[in-house]
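Take a look at the letters that make up each chain.
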Amino acid sequence: MKTKRAVIVQCRLSSSRLPGKALKMLGDKPVLAWVLTSMKKVKADKYYVATDHESYETLKPICKQNGFDCFAGDLDDVLKRFCDLIKTLKVETIIRATADNPFLFYEAAQASVEEFEARNKGRHPCDYLTYTGLPHGSGVEIFSAQSLLDAATQTDNPYDHEHVGPALYNHKDKFKCEFIKAPVRFNYPELRTTIDTYSDYLRAISIVNYLKNCKEPYTTEQIISACNSDAVNNPVVFVPSVVKGQGTGHLHRCLSAAVETKGFVYIPDDCTLVETASILDEYKEKGLENWQIINALPDQTFNPVIITDNFKLSPEQAQSFSKCKKLICLDEGSDFSEYSDYLLDIIPSYDIDRLPNLFDTSYISKPVNEKAERTHNIEKVLVCIGGEDPASLTLPAAQALVKNLPGAKVTAIVSDVEKYRNILNINFIPPVENLREKIFEYDLVVSHYGLTAFEAAFAGCAVIMVATTKLHERLAQKYDFAFIPHGKIDSLKMQKALESPLLYPQMKMSIKQKSLGSYIQKLALGKKLYCPVCGQKSEESGKNAKPDLVISRNAGRTYRRCRNCGIVYMSFTAEEEMQYKKSYFFEDYKKQYGKTYEEDFNSIKAQCTRRLEIINALQDDLGGKNYLDIGCAYGPSLAAASELGLNPFGTDISEEAIHYVKTKLRYPSACSAFPQIDCQKEFGISQFDSVSMWYVIEHFKDLDSVLSKISEITKEGGIFAFATPSGEGISAKSNLDHFYTISPIDHFSIWEPSKAQKILKKYGFEVIKIVSTGHHPERFPICQKENIQKGSIKWNLIDKYSHLMQLGDTVEIYCRKKADK
Ligand SMILES: [Zn+2]
């Protein structure tokens, strides 16, 4: 006879962390409906929602719509609620799900109930069974109806009564409970799909949005692909300024990028920008969806990429945002930009002293409507001094214009038209919707430093900037705008501005408009990295929660210096990851060095011979000659070592390279992603007399495990030597930002010889020799300035100076493993 089954979904509306979560909307239906649609796919004889009396009336219609019956029972004694329901059903097997899991694996539920029944028909009966290893929130429990009824009578433990399963599995002496590792298809313990918190809810929204073209309920594979998607792993949250007095430009820009990227936009309930609601409506017509607007920020459990367009971050904001997955700031004007992983300036920054990663005005949304012809006749004038005009500059500016331009029609945008009702000759109007596309109608626009000024310039209008601070004055000058200096406005000052040769701005900026949304999307997928030696922990546990100091920013990357160990490292990269395939040694190598790796083999080998001779000279007389080259590539150093009488061993991540070393050069070598190598197993040697890394050490994101491993495989008294670009060479010293801009995208740490000892000491090494290499007199600024020719006396002097002062652009560091670590 067939066993009868009941699916029971447990649901209540009183949740402390996220009240009413079962009714929260996901896509076009409440969370509970998602759960029921999914559980309906599991074959059963009865389908029930078990709730409390208070929630019953609310939930009943949803249950009915989805083919479930609704049962009301005890609110707190959930065990009793279940038993009361079970007593009314004539079934043997219960499949229990909870209403906070909209992405249940119904295939796994079906498989587990079949397994449960098979066991109970066979020789391994059990009372309870569940799969382990499913995403948190995708699993169900299967148990015998009778066993649960028995269990309930045998426990008065409050915990057992607040739940269901524990009455069985916390009493394994009486009940046989099976926790079975789920089949591979369902095994994703690192994923989370449940809705317990607001952050979980936002994740669920992202999953639904990602899968919106799929039929519901979603399959296991669909749910997993959504969980691993960029939208779910790098959720973007825009944080625009919605503060009265800071203008509407920030909100406009974020909403427009959110329409493009489908990111969330954080609008706190207490936002003071009066135009917010109407602007939101404007963008809803352009495709902004309701779910995109959030009024609380997700926490670490749905770790967002924060994009701020917030005018000025507060120190608290900067600190808390920097703990998120990534912090990307647009036109950030505070003193806390150190916290930001990436600074993008679109309108040249308010704070002109700090350097952004990228300054690019082509991300300003240019008006579609432009002046057809540039007449130097000023007939229509617009005064638009942002938002609430805190400095009250609008009226004096407009009056000065009337005086200077008799006959011209002067219009001024003000938030309160009534206030100006008695002033003649000036046309006062309220804020204009979509001003950008109307600005071309004016011949002259008088504005403060902000988007409108740039948009007017792009539309072909004459522009006068009214400097609201000294800083704005400098900015207006920097970007070649006619301006009225900071302070009172009078008609004389206006006259001077009108006579300025800069009245029609020659936009130096590129004309081609770029998409801000897609650039933000690219940045959001960028990688945040921590100190390769100290890792993330040191930053978190650091006494001062300050971020590591920014050394340099460029369009693709940010570099910082670790406060703890002093190393300079790449802390953010928006560039694609490098693959060390054959092309790395051939095409890429040629691109970087101008010749192929093979062509270069002999000259590389000669360098290796020189370095190995240094190692030999430094080596204590250990009697051993075992030498390991990590990142041996096609084996030039191994060949050099062999000629010097050493026993060479090599390892490299490139299979092609190792194949070449093994078959052509015939040296023992192993393909490995160092430090994942067992040298004893691969070579029969656990410790080497010397270990080298030639231009390899800078490629590791996790140097700590690399240096620990090297320490482990180097004999006491043995030598570890490496070569790497120098962060203290002439290129870095003469133009730091250029040096970091051209630093290859796969160099994660930059070594400064003066800091090496401190870092290496931690791993039991003592630096005993530093050789400055890569001397290039032509890279000295004086050489370029005075056009000093190669071979000349001055050239030779600079070369000598470079050697003496150790200003080479590369460096070799030799250290000895100390006897007692
Ligand atoms: Zn560090």
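Whatever comes next refers back to the structure up there.
Conventions we followed
- Residues numbered from 1 in each chain as written.
- Predicted model: local features only at pLDDT ≥ 70, side-chain atom pairs only at ≥ 80, totals over all residues.
- Heavy atoms only, no water.
- Helix = DSSP H or I, 4+ residues; strand = E, 2+ residues; numbered from the N terminus.
- Buried < 20%, exposed > 50% of the residue type's maximum accessible area, 1.4 Å probe, protein only.
- Contact = heavy atoms within 4.5 Å.
- Core = buried A, V, L, I, M, F, W, Y, C linked by side-chain atoms within 4.5 Å.
- Disulfide = S-S within 2.5 Å.
- Polar contact = N/O pair within 3.5 Å; in protein donor to acceptor, adjacent residues only side chain to side chain.
- Pairing = 2+ DSSP bridges.
- Donors = N, O, S within 2.8 Å, 3.2 Å for Na, K, Ca; no water.
- Tetrahedral: all angles 85-135°; square planar, octahedral: opposite > 155°, others 65-115°.
- Patch = residues over 30% accessible without salt bridge, like charges linked within 9 Å, V, L, I, M, F, W, Y side chains within 5 Å.
- Areas by Shrake-Rupley, 256 points an atom, 1.4 Å probe, with all protein chains shown as cover.
- Salt bridge = Lys/Arg side-chain N within 4 Å of Asp/Glu carboxyl O.
- Axes fitted to C-alpha atoms, helices over the stretch in contact; angles between N-to-C directions.
- Parallel < 35°, antiparallel > 145°, perpendicular 65-115°, else oblique.
- Left-handed = near helix turned anticlockwise from the far one by under 90°.
- Right-handed = clockwise from strand over helix to strand, strands pointing away.
- Arc of directions from axis to C-beta.
- Phe/Tyr/Trp six-rings, centres within 6.5 Å; stacked < 30°, edge-to-face > 60°.
- Lys NZ or Arg CZ within 6 Å of the ring centre and 35° of its normal.

## Considerations on the overall build of the protein chain
Alright, step 1. Secondary structure summary: the protein chain contains 30 helices and 34 strands in total.
Alright, step 2. Projected onto its principal axes, the C-alpha coordinates of the protein chain cover approximately 100 × 100 × 45 Å.
Alright, step 3. Out of the 821 residues in the protein chain, the part that is buried amounts to 55%.
Alright, step 4. Within the protein chain, contacts between residues separated by at least 24 positions form 67% of all contacts whose residues are at least 6 apart in sequence.

## Considering the nonpolar core
Alright, step 1. Core analysis: the biggest nonpolar cluster contains 75 residues, and Val9, Leu26, Leu32, Met39 and Phe68 have the highest contact counts within it.
Alright, step 2. Top element by residues in this core is helix H1 (residues 31–39). It accounts for seven residues.
Alright, step 3. Discounting residues that sit within four places of it in the chain, Phe68 has contacts with Val7, Val9, Leu36, Met39, Lys40, Tyr47, Tyr48, Val49 and Cys63.
Alright, step 4. Counting residues in hydrophobic clusters, the runner-up holds 55 residues, among them Phe238, Ile347, Ile520 and Leu523.

## Points about the state of the cysteines
Alright, step 1. This model, assessed by the stated rule, comprises zero disulfides.
Alright, step 2. Its sulfur unpaired, Cys227 is 13 Å from the next cysteine sulfur, which belongs to Cys214.
Alright, step 3. Using a relative accessible area of 4% as the deciding quantity, one classes Cys227 as buried.

## A look at the side chain of Glu141
Alright, step 1. For Glu141, the position within the fold is in strand S8 (residues 141–144).
Alright, step 2. By relative accessible area, Glu141 is classed as buried at 10%.
Alright, step 3. Reaching out from Glu141, the side chain makes a polar contact with the side chain of Tyr128 at a distance of 2.4 Å.
Alright, step 4. Ignoring any residue separated from it by four or fewer positions in sequence, one finds Glu141 in contact with Ile94, Ile95, Arg96, Tyr128, Leu129, Thr130, Gly165 and Tyr169.

## Regarding the side chain of Glu473
Alright, step 1. Assignment of secondary structure puts Glu473 in helix H16 (residues 470–478).
Alright, step 2. Exposure remark for Glu473: the relative accessible area of 13% places this residue in the buried category.

## What to know about the sheet that holds strand S11 (residues 264–266)
Alright, step 1. Reading across from one edge, S12-S11-S10-S13-S14-S15-S16 is the order of the seven strands in this open sheet, with parallel pairing throughout. Each end of this open sheet is capped by a strand with a single partner; those strands are strand S12 (293–294) and strand S16 (358–359).
Alright, step 2. With four bridges connecting them, strand S13 (residues 305–309) and strand S14 (residues 326–330) associate as parallel partners. Counterpart to Ile306 in the pairing with S14 is Leu327.

## What to know about the coordination of the zinc ion
Alright, step 1. For the zinc ion, the protein coordination sphere consists of Cys531 (SG), Cys534 (SG), Cys562 (SG) and Cys565 (SG), at 2.2 to 2.4 Å.
Alright, step 2. Around the zinc ion, the four donor atoms sit at angles spanning 104 to 115 degrees, and that spread fits a shape best called tetrahedral.
Alright, step 3. The motif formed by the donor residues of the zinc ion, counted along the single chain, is C-x2-C-x27-C-x2-C.

## A closer look at a nonpolar patch on the surface
Alright, step 1. Taken together, the side chains of Tyr801, Leu804 and Met805 define a hydrophobic patch exposed on the protein surface, amounting to about 350 Å² of accessible area.
Alright, step 2. Topologically, Tyr801 is positioned in helix H30 (residues 793–804).
Alright, step 3. The exposure class of Tyr801 is partly exposed, given its relative accessible area of 44%.

## Comments concerning the environment of Ser225
Alright, step 1. When you line up the elements, Ser225 lands in helix H9 (residues 220–227).
Alright, step 2. Owing to a relative accessible area of 33%, Ser225 belongs among the partly exposed residues under this scheme.
Alright, step 3. For the pair formed by Ser225 and Tyr210, sequence separation is 15 residues and the distance between their alpha carbons is 9.2 Å.
Alright, step 4. The contacts of Ser225, once residues within four sequence positions are left out, are Tyr210 and Leu211.

## Quick look at the pattern of salt bridges
Alright, step 1. Under the criterion given, the structure shown has 35 salt bridges.
Alright, step 2. Close ionic contact of Lys80 with Asp84 constitutes a salt bridge, the shortest N to O distance being 3.0 Å. Of this pair, Lys80 and Asp84 both sit in helix H3 (residues 78–88), four residues apart, which is roughly one turn of the helix.
Alright, step 3. Relative accessible area serves as the criterion here: at 40%, Lys80 is assigned to the partly exposed category.
Alright, step 4. Residues Asp345 and Arg354 are paired through a salt bridge, measuring 3.0 Å at the closest nitrogen-oxygen approach.

## Notes on the sheet that holds strand S5 (residues 69–73)
Alright, step 1. The seven strands lie next to each other as S5-S4-S1-S6-S8-S7-S9, forming an open sheet whose pairing is mixed. The open sheet is flanked by S5 and strand S9 (177–181), the only strands paired with a single partner. On average, each strand axis in the sheet is tilted by 25 degrees relative to the strand beside it, whichever way the strands run.
Alright, step 2. In the packing of helix H4 (residues 106–121) onto the sheet, the strands contacted are strand S1 (5–10), strand S6 (93–98), strand S7 (128–132), S8 and S9, and the crossing angle to S7 comes to about 140 degrees.

## Observations regarding the packing of helix H11 (residues 249–261) against helix H12 (residues 276–285)
Alright, step 1. Interaxial distance between H11 and H12 falls to 10 Å at its minimum, and their mutual angle equals 30 degrees. With respect to H12, the element H11 is oriented roughly parallel. The chirality of how H11 crosses H12 is right-handed. Residues Leu251, His252, Leu255, Ser256 and Val259 of H11 pack against Thr276, Ile279, Leu280, Glu282 and Tyr283 of H12.

## So, the pairing of strand S4 (residues 46–52)
Alright, step 1. With six of its seven residues buried, S4 lies for the most part within the structure.
Alright, step 2. Remark: the S4/helix H2 (residues 53–65)/S5 crossover connection has right-handed handedness.

## Regarding the environment of Asp799
Alright, step 1. Along the chain, the position of Asp799 falls in helix H30.
Alright, step 2. Dropping the residues within four chain positions of it, Asp799 is found in contact with His775 and Pro777.

## Examining unusual backbone geometry
Alright, step 1. Across the junction of Glu216 and Pro217, the peptide omega takes the value -5 degrees, indicating a cis bond.
Alright, step 2. Counting through the fold element by element, Pro217 comes out in the loop between helix H8 (198–210) and H9.
Alright, step 3. Look at the link from Phe674 to Pro675: it is a cis peptide, with omega at 10 degrees.
Alright, step 4. As for its placement among the helices and strands, Pro675 is situated in the loop between strand S29 (669–671) and helix H24 (679–683).
Alright, step 5. Positioned with a positive phi, Lys262 is a non-glycine residue whose angle comes to about 60 degrees.
Alright, step 6. Here Lys262 lies in the loop between H11 and S11.
Alright, step 7. For Arg666, which is not glycine, the phi torsion reads 60 degrees and is therefore positive.
Alright, step 8. Residue position: Arg666 is located in the loop between helix H23 (655–665) and S29.
Alright, step 9. A residue is classified by how much of its surface remains accessible, and Arg666, at 65% relative accessible area, is exposed.

## Let's talk about helix H14 (residues 394–404)
Alright, step 1. Three or more residues of H14 are buried, namely Thr394, Ala397, Ala398, Ala400 and Leu401. Each buried residue of H14 lies within a common arc of 160 degrees when the element is viewed along its axis, so the set occupies one face.
Alright, step 2. Residues of H14 that are buried make contact with strand S17 (380–384), strand S18 (409–413), strand S19 (426–429), strand S20 (444–447) and helix H17 (491–498).

## Concerning the packing of aromatic side chains
Alright, step 1. Overall, the coordinates contain 27 aromatic pairs when judged by the stated rule.
Alright, step 2. Aromatic side chains Tyr128 and Phe179 sit 5.6 Å apart centroid to centroid with 45 degrees between the ring planes, which places their arrangement in the tilted category. Taken as a pair, Tyr128 in strand S7 and Phe179 in strand S9 lie far apart in primary sequence, 51 residues in all.
Alright, step 3. Judged by relative accessible area, Tyr128 falls into the buried class, the value being 1%.
Alright, step 4. Taken together, the ring pairs connect Tyr342, Tyr363, Tyr519 and Phe572 into an aromatic cluster.
Alright, step 5. Residue placement shows Lys29 over the ring face of Trp34; its charged tip is 4.3 Å from the ring centre.

## Points about helix H5 (residues 145–154)
Alright, step 1. Within the span of H5, buried status applies to Ala145, Ser147, Leu148, Leu149, Ala151 and Ala152.
Alright, step 2. For H5, the secondary structure elements touched by its buried residues are H3, S6, S8, helix H6 (158–162) and helix H7 (166–169).
Alright, step 3. Structurally, the start of H5 carries an N-cap: the backbone nitrogen of Gln146 is 3.3 Å from a side-chain oxygen of Ser144.

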